[in-house]
Amino acid sequence: MKKIVSLIAIIFTFALFCALVTGCDLAASGDGTTTGSADTSASIVGTTSADVTTQGTTATTTATTKKTTAKTTTVTTKVTTTATTTATTKVTTKATTKATTSTTVTPKNITIFLDPGHGGSDPGVIRTYEGVEYTEADMNLSVALKAKEALEKRGYTVVMSRETDKYVALNSRAPMAQNAGADMFISIHVNSFSTSSVAGPRMYYTHRTGLSYAARDFATYFAEEFDDIRDVPLSTDPDKLAYPNMKLARVASDKDLYGEGKYLAVLAAKDIPSVLIELGFITNDNDLMMLKSKWWQGYVATAIADAVDSAYYDLSYGE
Ligand SMILES: [Zn+2]
């Protein structure tokens, strides 16, 4: 597996180098599944400007204080929600795990910062399909608002970088989360690529040093929950969308994407567990069918809330 990951990293690196230096086609260096991850318009910054190191003390203090929060009802809520949408076996497993470790947790004093990418004058990636124009900014916001609703139902406090179609500067997003005293940062985007066969969700973490959290582990919570959406029964969806055609989510770092020393701007808060979710590829027909579906967006929102729950319990905020 490590060899595969290394190979993918090498392909990524070569493809980026290739694109930067020679302008050749990225698709030529891969098979359509191992390359890709465009959407560079929004997320990348250069070498040092991305780091936000101030206010770390404040955020840490906040998190510590919240560890004393009383525990109560989330387990029941989560199990019920999961039971209606995914496999029974999963419910049983999760119920057992959560119940034994945190029977009385309520995350009401935990703040989740949701960052719908782009907005306003920056629509992100765009695709016109069958005469309808779809923009990344709209889909990001739609998913984020659904995730907000799901998280608030479970007792989390949610703060967003934007709740309408307005412009928010890229480098201001992580500081906004720090100012809000956020405990987790989740940026939501849609990908695009020059080759239409490239598809699937991707969870990006940062390779910055000095993080207060395990970045890859945090991103993996989200990948696992996205993969569970593949189990959603088709009969529950009036659009009859084939969610099982959704590819397994991949976890990668900004180093894999851009090379050593280049970072995703939105993951700049070293003291807040942060992830950038690329929901899927607007340039892939199957992904677009899912991305534009309000039903699928609802499942994604639930997956995000489930991942937050998993991270919350495992990171022992409540202990
Ligand atoms: Zn984006």
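What counts, and at which threshold
- Residues numbered from 1 in each chain as written.
- Predicted model: local features only at pLDDT ≥ 70, side-chain atom pairs only at ≥ 80, totals over all residues.
- Heavy atoms only, no water.
- Pairing = 2+ DSSP bridges.
- Helix = DSSP H or I, 4+ residues; strand = E, 2+ residues; numbered from the N terminus.
- Axes fitted to C-alpha atoms, helices over the stretch in contact; angles between N-to-C directions.
- Phe/Tyr/Trp six-rings, centres within 6.5 Å; stacked < 30°, edge-to-face > 60°.
- Buried < 20%, exposed > 50% of the residue type's maximum accessible area, 1.4 Å probe, protein only.
- Expected span 1.5 Å × (residues − 1).
- Polar contact = N/O pair within 3.5 Å; in protein donor to acceptor, adjacent residues only side chain to side chain.
- pLDDT = per-residue confidence, 0-100.
- Contact = heavy atoms within 4.5 Å.
- Parallel < 35°, antiparallel > 145°, perpendicular 65-115°, else oblique.
- Left-handed = near helix turned anticlockwise from the far one by under 90°.
- Nonpolar A, V, L, I, M, F, W, Y, C, P; charged D, E, K, R; others polar.
- Core = buried A, V, L, I, M, F, W, Y, C linked by side-chain atoms within 4.5 Å.

## Some details on the sheet that holds strand β1 (residues 111-116)
- Ordered in space as β4-β1-β5-β8-β6-β7, the six strands form an open sheet in which the pairing is mixed. Every other strand in the sheet has two partners, leaving β4 (157-160) and β7 (250-253) as the edge strands with one partner each. Here the average twist between neighbouring strands, direction ignored, is 25°.
- In terms of strand pairing, strand β6 (residues 202-205) meets β7 through four bridges, oriented parallel. Looking at the pairing, Y204 lines up with A252 of β7.

## Focus on the packing of aromatic side chains
- Applying the stated criterion across every chain, the model contains five aromatic pairs.
- Judged by centre distance (5.4 Å) and plane angle (10°), the ring pair of F113 and F185 falls under stacked. Here F113, found in strand β1, pairs with F185, found in strand β5 (residues 184-191); they are 72 residues apart in sequence, far enough to count as distant. With respect to class, F113 is no different from F185; both count as buried.
- Ring centres of Y156 and Y312 lie 5.9 Å apart, and the angle between their planes is 85°; this geometry places the pair in the edge-to-face category. Here the residue Y156 occupies a position in the loop between α6 (136-153) and β4, and Y312 occupies one in helix α11 (residues 294-314), the gap between them amounting to 156 residues.

## Description of α11
- The terminal C-alpha atoms of α11 lie 30 Å apart, and with 21 residues this matches the ideal 30 Å at 1.5 Å per residue to within 8%.
- Of all 21 residues in α11, 17 are buried, a share of seventy percent or more.
- Measuring from the side-chain oxygen of the N-cap residue of α11 to the backbone nitrogen of W295 gives 3.1 Å; that N-cap residue is S293.

## Digging into the environment of P175
- Positionally, P175 belongs in helix α7 (residues 173-179).
- P175 sits in the partly exposed class, given a relative accessible area of 21%.
- For P175 and A268, which are 93 residues apart along the polypeptide, the C-alpha to C-alpha distance reads 8.2 Å.

## Considerations on α6
- In this model, α6 (18 residues) spans 26 Å end to end at C-alpha, consistent with the 26 Å of a helix rising 1.5 Å per residue.
- Considered for burial, the residues of α6 that qualify are E136, A137, M139, N140, L141, S142, V143, A144, A147, K148, A150 and L151.
- With its phi angle positive at about 105°, G155 sits one or two positions after the end of α6.

## What to know about the confidence of the model for the protein
- Taken as a whole, the protein shows an average pLDDT of 74; of its residues, 61% reach a score of 70 or greater.
- Per-residue pLDDT stays below 50 along residues 1-43; that stretch engages in 78 contacts with residues further than four places along the chain or on separate chains.
- Of the regions scoring below 50 in pLDDT, residues 45-104 engages in 99 contacts with residues more than four places distant in sequence or in other chains.

## Notes on unusual backbone geometry
- The backbone of H118 sits at a positive phi, close to 65°, despite the residue not being glycine.
- With respect to the helices and strands, the residue H118 is situated in the loop between β1 and β2 (126-129).
- Residue classification places H118 among the buried positions, given a relative accessible area of 2%.
- For E130, which is not glycine, the phi dihedral falls at a positive 50°.
- As for its position among the elements, E130 is in the loop between β2 and β3 (132-135).
- By relative accessible area, which is 71% here, E130 ends up exposed.

## Observations regarding the packing of helix α8 (residues 215-229) against α11
- Contact geometry of α8 with α11 gives a least axis separation of 8 Å together with a crossing angle of 140°. Considering the angle they form, α8 stands oblique to α11. Crossing of α8 over α11 shows right-handed handedness. Contacts from F218, Y221, F222, E225, F226 and I229 of α8 reach α11 at W296, Y299, V300, A303, I304, D306, A307, V308, S310, A311 and D314.
- The residue inventory of the contact of α8 with α11, partitioned by class, reads 13 nonpolar, one polar and three charged.

## Points about the nonpolar core
- Judged by nonpolar contacts, the single largest core of 54 residues is most densely connected at I186, M203, F222, F226, L279 and I304.
- If you tally residues by element for this core, the top one is α11, at twelve residues.
- If we skip the residues at most four places from it in the chain, L279 touches N140, V143, I188, H189, V190, G200, P201, F226, L291, W296 and V300.
- With 16 residues, the next largest nonpolar core counts F113, L257, I272 and L276 among its residues.

## Focus on the side chain of H207
- Structurally, H207 can be placed in the loop between β6 and α8.
- Residue class for H207 comes out buried when judged on its relative accessible area of 16%.
- One polar contact links the side chain of H207 to the main-chain amide nitrogen of K255, over a distance of 3.4 Å.
- A polar side-chain atom of H207 sits 3.0 Å from the main-chain amide nitrogen of G261.
- Those residues in contact with H207, other than ones at most four positions away along the chain, are S253, D254, K255, G259, E260, G261, K262 and Y263.

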